[in-house]
Amino acid sequence: MTSAPAIPVSRAIDALNRIFGYPEFRGQQREIVEHVISGGDALVLMPTGGGKSLCYQIPALVRPGTGVVISPLIALMQDQVDALRTLGVRANFLNSTQDFDERRLVEAEFVAGELDLLYVAPEGLGTPAVQRLLDRGEISLFAIDEAHCVSQWGHDFRPDYLALSMLHERWPDVPRIALTATATTTTRGEIAERLRLTSARHFTASFDRPNIQYRIVGKNEPKRQLLDLLRTEHPGDAGIVYCLSRASVDKHAEFLSANGIPALPYHAGLSPQTRQENQARFLREDGLVMVATIAFGMGIDKPDVRFVAHLDLPKSVEGYYQETGRAGRDGLPSTAWLAYGLQDVVQQRKMIDSSEGDLAFRRNAASHLDAMLALCETVSCRRERLLAYFDQEAPSARCGNCDTCLAPPESWDGTVPAQKLLSTVFRLKKERNQKFGAGQSIDILLGKRTDKVSQFRHDELSVFGIGADLRDTEWRGVVRQLLAGGYLAVEGEYSTLVLTDRSSSVLRGEVTLMMRREIPAQRLRAGTSSSAGSSRSSRAPAAAPADFPAEAEPLFERLRAWRASIAKAQAIPPYVIFHDKTLRAIAVLEPSSLDQLGTVSGVGQSKLTKFGDDVLAVVRGEDPSGEEPSAE
Ligand code: ADP
Ligand code: ZN
C-alpha cells in the first residue's frame, strides 16, 4: 500500500454541496465514500435510484488522479459524460464508437491528468493498448458499474466482464468499487469471487422501492388491458412496455401509436442507428412510451419513467426486479404492471426444454422460472415476496402498495378441479395413448362437442362434462397453477400436457391445493386510486407529490417549458439540466437571488452559473429565451 496522507471527509461533503448541490449524503453513501477515499475496496448493492453514482464520483473527485469507470453502456456514455460536464466535472469516455482522432484527444487528456472521470467499455479494458494507456496516467479508483454482468448465471452476462479480475493484479494499489442494483446472495458471491473482491467491504442497502406499485394481473386481452392501463392511469406519462419477441414489440408499438399514444419500438432486429435514435428520443422527449425487448433499459437513468408494463412473463425474478426498477427513480408514485397467463407458462417451459444449454443450464433456468411463477401466484404481499427473494425482510408484512395488499385475492380450494383435470390427462394417456394440449382437456371437462372432441370420440370418456361447474377462464387458471406448482408439465412441439412425479399426490388426495381467484380489473383500480397518494389530474403528466401546492403548478410548468427549450438547444436530456424535483422546489421557493436559488437541492455551483439568471427570469415571469444561457 502507498501511504498517501489521509483525505479528510470534509472534502467529500464539500464536493457533494458545491458540485452536486445536495445538502447531505443519503443512506450509506457517506460510509461508502469514506471507505473508498481512504483506499478501500467496496461491493455496493443498492436498488436503482438509490444513488450509486455518487459513491464513486465523489471519491474520484477528491482522490488524486482519474477515476476509471467500467460500464457496458456504450450508447449512454455520451449522456453520462454530458451530465457530468453540466455539473462542471471533467469527464470523458473511450469506446468503439469513436474514431482514431477522437480517441487520441481523450487519451491525451487522461495522460495530462485533465480528467476527473474516464468511462471505458469492458472490452476496451481487455486490450493491451488501453492497459498501457492507463499505466501512463494516475488512476484514483476503478468503478465497476453494473457489476452483475460478471455473473454467468444472471440475466445480463457479458463475457468481457470476466477479464476484470486482472485489475487487482495489474493495479493492486488502486481501490475498486463494484456496484449493482441486482443481486441475490448467490449472484453477490459470484461477483465478489470473480472480481477478486472477497476481502472488499460489502455495503447492502434495502432493495425496497416503496414508490413502485407492483401489480400482476391475469392476461386475457393484453392489448385492451394495456391500453386501459395507459389511458386511465398514465395519460401523457413516459413508460416502458416489455415484450418477449421482436414481432410482438413491433405489433404493440404500432397498436399504441394507432390509438393515439406516442410509442417507439426497440429490439435487436432494428439497425443500431434506429435503436440509438429511439433511445435518444425516449430520453429527451416527454411522455414517450418505449415498447422493447429486454435488450433495452440497462443504465437508463431517466428519472420520470412512470410505469413499466410487462406483456410477457420475465424469465427470472432478478430480471423482473431490474426491469421494473427503471420506474420511478425520482421517488414519485409509479406502476410496475405485469399481465400473465397460461400461455406464458407453456411457452417458457417449452423454451427451456428445447434450449441448447446443458442440463445444469436448463435446471438453473427452470428454478428461475419457478421463483417467478411463485411470485405471480402468491396470495401474500408481492413486495414481501420480492424482498425475500433477495434475502431481505419487508418493512411490514403488508406493504399497502401492491395488488394483493390493496385488493386481497380470494383463494379457493381447487383440489377437486385439479383432480378432474389431472385424471383427464391420465385417461387420455392410459385409455387412448394420446397427449393433448390444455385446450382439449378443458373442452372435454366442459363437455363441449367440438370437431376435435367428436373426431377423437372424447365425448365417450368418463370425464366428459364433469367440469361444467367452472368457466373456461377458471379452468385455464387451474391448469396454469398446476403447471406453476409442478403438478403438471408440458412436453414437445405441441405443448401437450403430461403428469409429473407430483401429480399422484393430488390424485390420491394427499395435498390440498389453494388457488388464487382472478380479480376483476375494475375492483383493483377502485382499490388503488385512494391509496396511491397522488392527487394528479388526468391532464398533468408528471406525478406530483401530495404536498406540492397547486399554486406553484403554473410556475413549475413555465420552468419545465424553459428547461425543454434549453435541452433541445443543447441536445441533452431535460433531466440533465434539473430534475422535476428540483424544479418543483424552485417553484415553491420562488427565489429572487442567485444565493437563494443555490440553497435548492440539486442546484450546484456550475448549474447556478450556467442557468441561474435564466431561472430567476422565469420566476419573475420574464422570458429568457432570446438570450443564450451564460457561458461557462
Ligand atoms: P442509481 O445509480 O443507484 O440508480 P443514481 O446515482 O442515478 O442512482 O441516483 C438516483 C438519483 O438520486 C439521481 O437523480 C441523483 O442525483 C439523486 N441523488 C443521489 N444521491 C443524492 C443525495 N445525497 N441527495 C439528493 N439526491 C441524490
Ligand atoms: Zn404488498
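Residues numbered from 1 in each chain as written. Chains lettered and ligands numbered in written order. Predicted model: local features only at pLDDT ≥ 70, side-chain atom pairs only at ≥ 80, totals over all residues. Heavy atoms only, no water.

Under an unreviewed UniProt entry, the protein has the name DNA helicase RecQ and belongs to Actinoplanes regularis. As stated in UniProt under Sequence similarities (unreviewed entry), the record for the protein gives "Belongs to the helicase family. RecQ subfamily." What UniProt states about the protein under its Catalytic activity (unreviewed entry) heading is, verbatim, "Couples ATP hydrolysis with the unwinding of duplex DNA by translocating in the 3'-5' direction." (UniProt positions renumbered as here; feature names shortened; annotations may be inferred.)

**Q** Summarise a nonpolar patch on the surface; cite the residues concerned and give the values.
**A** Together, Phe426, Leu499 and Leu507 make up an exposed nonpolar region whose accessible area comes to about 220 Å². Locating Phe426 in the fold gives a position in helix α18 (residues 415-432). (Patch = residues over 30% accessible without salt bridge, like charges linked within 9 Å, V, L, I, M, F, W, Y side chains within 5 Å. Areas by Shrake-Rupley, 256 points an atom, 1.4 Å probe, with all protein chains shown as cover. Salt bridge = Lys/Arg side-chain N within 4 Å of Asp/Glu carboxyl O. Helix = DSSP H or I, 4+ residues; strand = E, 2+ residues; numbered from the N terminus.)

**Q** Break down the pairing of strand β8 (residues 212-218) for me, with residues and values.
**A** The buried fraction of β8 amounts to 6 of the 7 residues, a majority that puts the element mostly inside the structure. In the sheet, β8 pairs with strand β13 (residues 334-340) via 7 bridges, with the strands oriented parallel. Counterpart to Gln213 in the pairing with β13 is Thr335. (Buried < 20%, exposed > 50% of the residue type's maximum accessible area, 1.4 Å probe, protein only. Pairing = 2+ DSSP bridges.)

**Q** Describe the sheet that holds strand β11 (residues 289-292), with residues and values.
**A** Spatially, the 6 strands line up as an open sheet ordered β8-β13-β12-β9-β11-β10, and their pairing is parallel. Since the sheet does not close on itself, it has two edges, and those belong to β8 and β10 (263-266), each with one partner. Across the sheet, the mean angle separating the axes of adjacent strands is 15° when strand polarity is ignored. Lying on the sheet, helix α12 (residues 272-284) is in contact with β9 (238-242), β10, β11 and β12 (305-310); it crosses β10 at an angle near 140°. Docked against the sheet, helix α15 (residues 359-377) engages β8 and β13, running at close to 105° with respect to β13. (Axes fitted to C-alpha atoms, helices over the stretch in contact; angles between N-to-C directions. Contact = heavy atoms within 4.5 Å.)

**Q** Outline the domain arrangement of the protein, supporting the account with residue identities and numerical values.
**A** Domain boundaries in the protein define domain 1 (9-204), domain 2 (212-407), domain 3 (412-517) and domain 4 (550-619). Placing the centre of domain 2 and that of domain 4 at their C-alpha centroids yields a distance of 32 Å. Contacts between domain 2 and domain 4 engage 8 residues on the former and 9 residues on the latter. Considering only the side of domain 2, the residues that lose the most area to domain 4 are Arg284, Asp286 and Pro303, jointly responsible for 54% of the buried surface there. Residues Asp286 and Arg560 are paired through a salt bridge, measuring 3.3 Å at the closest nitrogen-oxygen approach. (Domains from an automatic or database assignment. Buried area = accessible area lost by both parts, 1.4 Å probe.)

**Q** Break down the site of ligand 1 for me, with residues and values.
**A** Surrounding ligand 1, one finds 15 residues, the nearest of these being Tyr22, Gly49, Ser53, Arg329 and His579. In the model, an oxygen atom of ligand 1 is placed 2.8 Å from a nitrogen or oxygen of the Lys52 side chain. At 3.4 Å, a side-chain N or O of His579 approaches an oxygen atom of ligand 1. In isolation ligand 1 has 560 Å² of accessible area, and contact with the protein removes 82% of it. Looking at the shell around ligand 1 element by element, the count peaks at 3 residues for helix α3 (residues 52-62). Counted by class, the shell around ligand 1 contains 4 nonpolar, 7 polar and 4 charged residues. (Near = heavy atom within 4 Å. Polar contact = N/O pair within 3.5 Å; in protein donor to acceptor, adjacent residues only side chain to side chain. Nonpolar A, V, L, I, M, F, W, Y, C, P; charged D, E, K, R; others polar.)

**Q** Which residues make up the sheet that holds strand β4 (residues 117-120), and what values go with them?
**A** Strands belonging to one sheet form pairs held by backbone hydrogen bonds; the direction of such a pair is parallel or antiparallel. Read from one edge of the open sheet, 7 strands run β3-β4-β2-β5-β6-β1-β7, paired in parallel fashion. Both outer strands of the open sheet, β3 (91-94) and β7 (201-204), are each paired with one neighbouring strand and no more. Between one strand axis and the next, the sheet turns through 20° on average, direction left out of account. Summarising the sheet, strand β5 (residues 139-144) and strand β6 (residues 176-180) pair through 3 bridges and their orientation is parallel. Bridging across to β6, Ala143 finds its partner in Ile177.

**Q** Tell me about the coordination of the zinc ion (ligand 2), residues and numbers included.
**A** Those donors, Cys381 (SG), Cys399 (SG), Cys402 (SG) and Cys405 (SG), are the protein atoms that reach the zinc ion (ligand 2), and they lie 2.3 to 2.4 Å from it. The site at the zinc ion (ligand 2) holds 4 donor atoms, and with the angles between them running 102 to 117°, its shape is tetrahedral. In primary-sequence terms, the residues that donate to the zinc ion (ligand 2) follow C-x17-C-x2-C-x2-C. Linking Cys381 in the loop between α15 and α16 (382-389) with Cys402 in the loop between α16 and α17 (403-406), this pair joins segments that are 21 residues apart in sequence. (Donors = N, O, S within 2.8 Å, 3.2 Å for Na, K, Ca; no water. Tetrahedral: all angles 85-135°; square planar, octahedral: opposite > 155°, others 65-115°.)

**Q** So what's going on with the packing of aromatic side chains? Which residues, and what values?
**A** As enumerated under the stated definition, the model contains 13 aromatic pairs in all. Between Phe282 and Phe296 the ring centres are 5.7 Å apart and the planes differ by 80°, which places this aromatic pair in the edge-to-face class. Of this pair, Phe282 sits in helix α12 while Phe296 sits in the loop between β11 and β12; the two residues are 14 residues apart in sequence, bridging distant segments of the chain. A residue is classified by how much of its surface remains accessible, and Phe282, at 1% relative accessible area, is buried. According to the relative accessible area criterion, Phe296 is buried, its value standing at 0%. Between the aromatic rings of Trp562 and Phe611, the centroid separation amounts to 6.0 Å while the plane-to-plane angle is 80°, which identifies the pairing as edge-to-face. (Phe/Tyr/Trp six-rings, centres within 6.5 Å; stacked < 30°, edge-to-face > 60°.)

**Q** An account of the pairing of strand β1 (residues 42-45) is requested, with residue identities and associated values reported.
**A** Every second residue of β1 is oriented toward a common face, with Ala42 and Val44 on one face and Leu43 and Leu45 on the other, all of them buried. One ladder, built from 4 bridges, connects β1 with β6; its direction is parallel. Of the residues in β6, the one forming a bridge with Val44 is Leu179. Pairing of β1 with β7, which is carried by 4 bridges, proceeds in the parallel orientation. Bridge pairing links Leu43 to His202 in β7.

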